[in-house]
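Residue strings, one per chain:
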Amino acid sequence: MANESDKAVLNSIFNPHLPLGTDNVTDIDGQAVEEEEIETEAVKEAKRFEVLGVQAAESGDINAAMEYFNQAVETVPDRPSGYNNRAQALRLKGDVQGALRDLDKAIELSQGHGKAACQAYTQRALIRRLEGQEEKSLEDFKMAAYLGSEFAKSQVIQMNPYAAMCNKMLSEVMTKLKEGESID
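No experiment lies behind these values; they were computed from the predicted model shown.

**Quick word on the overall build of the protein chain**
Thought 1: In terms of regular secondary structure, the protein chain is built from nine helices and zero strands.
Thought 2: Secondary structure elements of the protein chain occur, N-terminal to C-terminal, as α-α-α-α-α-α-α-α-α.
Thought 3: When burial is assessed residue by residue, the protein chain has 34% of its 184 residues classed as buried.
Thought 4: Partitioning the contacts of the protein chain with sequence separation of at least 6, the portion at a separation of at least 24 is 49%.
Thought 5: When the accessible surface of the protein chain is summed, it comes to about 11400 Å², and 53% of that surface belongs to carbon and sulfur atoms.

Here it is in structure tokens:
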């Protein structure tokens with residue numbers, strides 16, 4: 001019977017362009033990173049606004065999501081999570097520069113550490129990649145991978161032309177084996 005690690009490896013072989021597993025943030029020893037945040041009333045209120053913003057975004061109401069994320073940022077302006085969430089909504093609205101400003105702010109506030117930084121680096125890398133800034137995108141993916149993002153690690157591998165070529169060849173071989181074809 002395959003364990004979770006085996007399933008992840010097989011998934012990466014058969015689906016080389018999909019993220020690997022869940023995007024848990026871990027430290028160097030593989031332990032989950034827990035954000036240390038003092039739960040003040042303001043932080044609780046900001047989190048409530050963020051939840052409402054995510055719900056609005058998921059239902060397709062990006063304008064309402066923006067309002068909630070703005071309220072979260074105004075409530076606790078030194079909390080990086082609000083900027084991460086607002087950046088996602090800004091990107092969905094087509095405001096790439098605004099999203100990048102918020103992601104830069106989230107990285108600054110988090111001092112480049114923890115889950116918030118990991119998410120900000122990952123989002124910024126995706127935007128930069130879509131904008132054709134491959135080198136900057138790769139730098140951000142490397143930072144997110146260092147901070148523990150499995151998705152970012154998979155992107156770093158995919159952006160390596162030799163690794164991408166090897167993964168493609170391996171995927172083709174595995175597909176042929178799966179379908180009972182001979183390997184030439």
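Continuing now.
**Overview of the side chain of Asn84**
Thought 1: Structurally, Asn84 can be placed in helix α4 (residues 80-92).
Thought 2: You can call Asn84 buried: its relative accessible area is 4%.

**Some thoughts on unusual backbone geometry**
Thought 1: Even without being glycine, Gln111 reaches a positive phi, approximately 60 degrees.
Thought 2: Among the secondary structure elements, Gln111 is positioned in the loop between α5 (96-110) and α6 (114-130).

**Comments concerning helix α8 (residues 150-159)**
Thought 1: Along α8, the residues that are buried comprise Phe151, Ala152, Ser154, Gln155, Gln158 and Met159. In a view along the axis of α8, the buried residues occupy a sector of 160 degrees, so they form one face of it.

**A word on the packing of aromatic side chains**
Aromatic ring pairs: the centre-centre distance and the angle between the two ring planes describe each pair.
Thought 1: Taken as a whole and assessed by the stated rule, the structure comprises one aromatic pair.
Thought 2: On the basis of an interplanar angle of 75 degrees and a centroid distance of 6.2 Å, the ring pair of Phe141 and Phe151 is categorised as edge-to-face. Of this pair, Phe141 sits in helix α7 (residues 134-146) while Phe151 sits in helix α8; the two residues are 10 residues apart in sequence, bridging distant segments of the chain. Here Phe141 and Phe151 have matching classes, each one buried.

**So, α4**
Thought 1: Spanning 13 residues, α4 covers 19 Å between terminal C-alpha atoms, matching the ideal 18 Å at 1.5 Å per step.
Thought 2: Taken together, the buried positions of α4 are Pro80, Gly82, Tyr83, Asn84, Arg86, Ala87, Ala89 and Leu90.
Thought 3: The inward-facing, buried residues of α4 abut α2 (41-58), α3 (62-75), α5 and α6.
Thought 4: Once α4 finishes, Gly94 follows within two positions and takes phi at roughly 95 degrees, a positive value.

**Observations concerning the packing of α4 against α5**
Thought 1: Remark: α4 packs on α5, axes separated minimally by 8 Å, with the N-to-C direction vectors making an angle of 165 degrees. One finds that α4 runs roughly antiparallel with respect to α5. In terms of crossing hand, the pair formed by α4 and α5 is left-handed. Each of Pro80, Tyr83, Asn84, Arg86, Ala87, Leu90 and Arg91 in α4 lies in contact with α5, whose residues at this interface are Gly98, Ala99, Asp102, Leu103, Lys105, Ala106, Leu109 and Ser110.
Thought 2: In terms of residue class, the contact of α4 with α5 is made up of eight nonpolar, three polar and four charged.

**Remarks on the pattern of salt bridges**
Pairs can form between side chains of opposite charge whenever their charged atoms are close.
Thought 1: This model, assessed by the stated rule, comprises 11 salt bridges.
Thought 2: A salt bridge links Arg124 to Asp104; the shortest N-O distance between them is 2.6 Å. A residue pair is termed long-range when its members are at least 10 positions apart, and Arg124 in helix α6 and Asp104 in helix α5 qualify at 20 residues.
Thought 3: Classification of Asp104 by relative accessible area gives partly exposed; the value is 36%.
Thought 4: In this structure, the salt-bridge partner of Glu134 is Arg129, at a minimum N-O distance of 3.8 Å.
Thought 5: Residue classification places Arg129 among the partly exposed residues on the basis of a relative accessible area of 28%.

**Details of the nonpolar core**
Thought 1: Counting residues in hydrophobic clusters, the biggest one holds 28 residues, and the most contacted among them are Tyr121 and Phe141.
Thought 2: If you list the elements that add at least two residues to this core, you get α3, α4, α5, α6, α7 and α8.
Thought 3: The contact partners of Phe141, leaving out residues within four places of it in the chain, are Thr122, Ala125, Leu126, Arg129, Phe151, Ala152, Gln155, Val156 and Met159.
Thought 4: In terms of nonpolar packing, the next biggest core, distinct from the first, is built from five residues, Val43, Ala46, Phe49 and Ala72 among them.

Cut-off values and rules
- Residues numbered from 1 in each chain as written.
- Predicted model: local features only at pLDDT ≥ 70, side-chain atom pairs only at ≥ 80, totals over all residues.
- Heavy atoms only, no water.
- Helix = DSSP H or I, 4+ residues; strand = E, 2+ residues; numbered from the N terminus.
- Buried < 20%, exposed > 50% of the residue type's maximum accessible area, 1.4 Å probe, protein only.
- Contact = heavy atoms within 4.5 Å.
- Areas by Shrake-Rupley, 256 points an atom, 1.4 Å probe, with all protein chains shown as cover.
- Arc of directions from axis to C-beta.
- Phe/Tyr/Trp six-rings, centres within 6.5 Å; stacked < 30°, edge-to-face > 60°.
- Expected span 1.5 Å × (residues − 1).
- Axes fitted to C-alpha atoms, helices over the stretch in contact; angles between N-to-C directions.
- Parallel < 35°, antiparallel > 145°, perpendicular 65-115°, else oblique.
- Left-handed = near helix turned anticlockwise from the far one by under 90°.
- Nonpolar A, V, L, I, M, F, W, Y, C, P; charged D, E, K, R; others polar.
- Salt bridge = Lys/Arg side-chain N within 4 Å of Asp/Glu carboxyl O.
- Core = buried A, V, L, I, M, F, W, Y, C linked by side-chain atoms within 4.5 Å.

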